[in-house]
Amino acid sequence: MGATIKAVTTREGTKPFAFSEAALAECRSIIARYPAERSKSALIPILHIAQSENDGWLSVNAMDAVAQVLGLKHIEVYEVASFYSMFNLHPVGTYHLEVCQTSPCMIRGSEKIVGHLSKKLGIQPGETTKDGMFTLKTVECLGSCGSAPMLQCGAKYYEDLTPEKVDAMLDAMRAENKRQTYTDR
Amino acid sequence: MGRKLLFEHITKPGIQGLEGYRANGGYRSVEKALKTMSPEAVVEEVKKSGLRGRGGAGFPTGMKWSFLAKPPGVPRHIVCNADESEPGTFKDRYLMERIPHLLVEGMITSGFALGAESGYIYIRGEYFYVHRILERAIAEAYAAGWLGKNILGSGFDFDLHMHIGAGAYICGEETALLESLEGKRGNPRIKPPFPAVKGLYDRPTVVNNVETIAAVVPIVNDGGEEYAKIGVGKSTGTKLISAGGNIKRPGVYEIELGITCDEFLNSDEYCGGIEGRALKAVVPGGSSVPIIPGELFLKTAAGETRLMTYESLSDGGFATGSMLGSGGFYAYNDAQCIVRSTWNHARFYHHESCGQCSPCREGTGWMEKLLHRIENGHGHMEDIDLLWDIQRRIEGNTICPLGDAAAWPVASAIRHFRDEFEYHVKYPTKVKDPDHFAKEPFKRELKASYA
Ligand SMILES: Cc1cc2nc3c(=O)[nH]c(=O)nc-3n(C[C@H](O)[C@H](O)[C@H](O)COP(=O)(O)O)c2cc1C
Ligand code: SF4
Ligand code: FES
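Residues numbered from 1 in each chain as written. Chains lettered and ligands numbered in written order. Predicted model: local features only at pLDDT ≥ 70, side-chain atom pairs only at ≥ 80, totals over all residues. Heavy atoms only, no water.

### Let's talk about the sheet that holds strand β7 (residues 238-245) of chain B
Residue and element names in this part refer to chain B.
Piece 1. Within the open sheet, the five strands sit side by side as β8-β7-β11-β9-β10. Their pairing is mixed. The sheet terminates laterally at β8 (251-256) and β10 (292-293), the two strands that pair on one side only.
Piece 2. Pairing of β7 with strand β11 (residues 328-333) involves four bridges; the strand directions are parallel. Each bridged residue has a counterpart across the sheet, and for Gly244 the counterpart in β11 is Tyr330.
Piece 3. Where helix α5 (residues 91-98) meets the sheet, it contacts β7 and β8, and its direction lies at approximately 115° from that of β7. (Pairing = 2+ DSSP bridges. Helix = DSSP H or I, 4+ residues; strand = E, 2+ residues; numbered from the N terminus. Contact = heavy atoms within 4.5 Å. Axes fitted to C-alpha atoms, helices over the stretch in contact; angles between N-to-C directions.)

Pasting the structure below:
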């Protein structure tokens, strides 16, 4: 990454995206993990940073900024971003609730949790509440099958869920009203 | 109580940090290897230990290491597979979260044995918080001189880095993992060439599971022969089993290979038995291995006590056995519907297929649709035979083993629970209720041959 990089990109009519200084510093330290001519390796970690800095999703502008930072063609970034399930190519709610639905969780009642969330929020999996607060999504095994049913929101796992625990979680989220992203510390 | 090699100190206070880890004998294997052993001698100990890959395939680790190409002047890499996405498996997360330095130590000692210039730990994106724990452990190890240039004055240089994924089961397959680590889509590569010859950045690379690399630590500390004393036959040492499903005590357990399946399922040291109702079926090693009826898990078709070993669990082949796999164990009680679970498995593989091979891409989707139809009371008897036919045409006809992994759960469910599939076709109104077997458990006719 040379000094010549302009980390701001725009597309007419859409919200511009710019990496913060702190994010650019983190990008640099990530790129340093790989051999000099192999900086493309940093693409996925840097897409995570871009997503966190863009309200939890990857707009074209955000992806173009990543391409610029790494000196890649735009298509090289889009094709990777569209392959991985954690990259959201559309806006998501402040709280992106990803409920595991794979067999070991199903055995322990994940379908009831999805049903409960659906009813409480008035949305189906894949949808976002009108106020933009919650997106509900079903996902595959998150490596937490022993504490099933469970869901992920940002970097956090919510485990051994019951309808009561889900209600308490939703209340706490509404009160806090702060976006959760995977890269949260 | 069985012997613990990886989890011996896991509950000690401060074990997550370098100081607490050192106080409990941490990093001894690095000292021993770098100061008193040659790289070849370390490989020899791993060979003697009989350690087999803990990621699922069970390939002998020492042998894999000895295949690593060593062309002069070309850097080599060691990559740790911490993608852990096989449904039912959560052992690596537990280890990395609770005792992160064990993995860091294993990477250094293994890196020395292989003459690797650097190592990467590829961790699945969902484990972001575990990634932070490991980043911290790596920073501590650098600060204390366990990583970097001229470690312990031995002349050995080794760098270790974290790499985060972004949600894709297929990236657990080692060549897809390498593609992903290079910043690409996770499409498995055609083999050969194998990673041992052309791996990361086309350089010779060893890919090993988290648990495999952690096991190198006790092997170097105590010697391969000592490790091989635990276990039965070619299943040596200890194995982490992550246990879930309808059991009383879900969790991660370190077992000595060779304990009986009955002890594992029913003793209070491990799963504590089935919750509430009767045992119906077991998936012993992650969703990709064949599902077997409960009685076939406890005893082989020949009536012998089944053991938690690679050999015993696969006794009877796919006709009456299963596999130890990744150690992702889950059990079903008699409220569960095998058709529903098989549909769920099929949906998983369809969702996770990378799409390169048509038998896998199309076949998994077709199986998902057929199973959905049967489960919801719209199936026909011919659908069951069609399913059988589809899975057979996927198996063995794809670039990577995900195709087989998608076929086996369907094949084994039909093989052992065909009557339950037929019930769905015969009683469409009964199965419309998603809780159909919770109210009235399905009565399976036990096959006389393995009752
Ligand atoms: C579809 C698929 C998914 C896999 N997922 C994992 C995984 O999550 N973790 C893992 O260690 N190995 C996984 N493997 C096995 C790896 O390809 C490879 O064999 C393993 O990392 C080798 O390490 P080991 O010899 O130490 O077991 C997977 C294989 C396939 C075909
Ligand atoms: S078998 Fe499936 S996952 Fe594997 S390479 Fe082919 S399409 Fe991709
Ligand atoms: S099946 Fe849900 S976490 Fe594994």
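### Focus on the interface of chain B and chain A
Piece 1. Counting residues at the interface gives 57 residues for chain B and 44 residues for chain A.
Piece 2. Summed over both partners, the interface of chain B with chain A buries about 4,100 Å², with 53% contributed by carbon and sulfur atoms.
Piece 3. When the buried surface of chain B facing chain A is broken down by residue, Arg132, Ala166 and Arg185 of chain B rank first, second and third, together holding 15% of it.
Piece 4. For the pair chain B and chain A, the interface holds six salt bridges.
Piece 5. Among the ionic pairs, Arg340 of chain B bridges to Glu111 of chain A, the shortest N-O distance being 3.0 Å.
Piece 6. Our count for the contact surface shared by chain B and chain A stands at 30 residue pairs in polar contact (both at pLDDT 80 or more).
Piece 7. If you list the elements that add at least two residues to the side of chain B that touches chain A, you get α7 (128-143), β3 (159-164), α8 (174-181), β7, β11 and α15 (338-352) of chain B.
Piece 8. At eight residues, the largest contribution of residues to the side of chain B that touches chain A is made by α15 of chain B.
Piece 9. For the side of chain B that touches chain A, a count of residues per class yields 22 nonpolar, 20 polar and 15 charged. (Buried area = accessible area lost by both parts, 1.4 Å probe. Salt bridge = Lys/Arg side-chain N within 4 Å of Asp/Glu carboxyl O. Polar contact = N/O pair within 3.5 Å; in protein donor to acceptor, adjacent residues only side chain to side chain. Nonpolar A, V, L, I, M, F, W, Y, C, P; charged D, E, K, R; others polar.)

### Some words on the confidence of the model for chain B
Piece 1. Overall, the prediction assigns chain B a mean pLDDT of 96, with 99% of residues at 70 or greater.
Piece 2. Interface confidence for the predicted complex, expressed as ipTM, amounts to 0.95; the pTM equals 0.96. (pLDDT = per-residue confidence, 0-100.)

### Some words on the packing of aromatic side chains
Residues and elements named next belong to chain B.
Piece 1. Tallied over the entire structure, the rule returns 26 aromatic pairs over all chains.
Piece 2. A centroid spacing of 5.4 Å and a plane angle of 50° characterise the contact between Phe7 and Tyr94, whose relative ring orientation is tilted. Of the two residues, Phe7 is situated in the segment before α1 (18-23) and Tyr94 in helix α5; the sequence distance between them amounts to 87 residues.
Piece 3. Arranged with centres 4.6 Å apart and planes meeting at 20°, the rings of Tyr27 and Trp146 form a pair that is stacked. (Phe/Tyr/Trp six-rings, centres within 6.5 Å; stacked < 30°, edge-to-face > 60°.)

### Some thoughts on the site of ligand 1
Residue and element names in this part refer to chain B.
Piece 1. Around ligand 1, the structure places 18 residues, and the nearest of them are Gly55, Asn81, Asn208, Asn209 and Thr212.
Piece 2. Between an oxygen atom of ligand 1 and a main-chain N or O atom of Gly55, the distance comes to 2.7 Å.
Piece 3. When isolated, ligand 1 has an accessible area of 610 Å², and the protein chains bury 89% of it.
Piece 4. At three residues, the largest contribution of residues to the shell around ligand 1 is made by strand β4 (residues 205-209).
Piece 5. Its residues assigned to classes, the shell around ligand 1 comprises four nonpolar, eight polar and six charged. (Near = heavy atom within 4 Å. Areas by Shrake-Rupley, 256 points an atom, 1.4 Å probe, with all protein chains shown as cover.)

### Some words on the pairing of β11 of chain B
All names here are of chain B.
Piece 1. When you tally the buried positions in β11, you get six out of six residues, the bulk of the element.
Piece 2. The sheet contact formed by strand β9 (residues 279-283) and β11 spans four bridges and is antiparallel. Considered in β11, the bridge of Val282 is made with Ala331. (Buried < 20%, exposed > 50% of the residue type's maximum accessible area, 1.4 Å probe, protein only.)

### Some words on the domain arrangement of chain B
Residue and element names in this part refer to chain B.
Piece 1. Here chain B is described as being made up of domain 1 (18-229), domain 2 (238-333) and domain 3 (338-439).
Piece 2. Every contact between the two is made by 17 residues of domain 1 and, on the other side, 19 residues of domain 2.
Piece 3. With both sides pooled, the region where domain 1 packs onto domain 2 buries about 1,400 Å², and carbon together with sulfur makes up 53% of that total.
Piece 4. When the area that domain 1 buries against domain 2 is broken down by residue, the three leading residues are Arg54, Phe90 and Lys91, summing to 32%.
Piece 5. Between domain 1 and domain 2 we count two salt bridges in total.
Piece 6. A salt bridge links Glu311 to Arg52; the nearest nitrogen and oxygen atoms lie 2.9 Å apart.
Piece 7. Counting across the interface, domain 1 meets domain 2 through 12 residue pairs in polar contact (both at pLDDT 80 or more).
Piece 8. Of the residues forming the side of domain 1 that touches domain 2, the biggest block, three residues, is contributed by α5.
Piece 9. Residues that form the side of domain 1 that touches domain 2 fall into these classes: six nonpolar, six polar and five charged. (Domains from an automatic or database assignment.)

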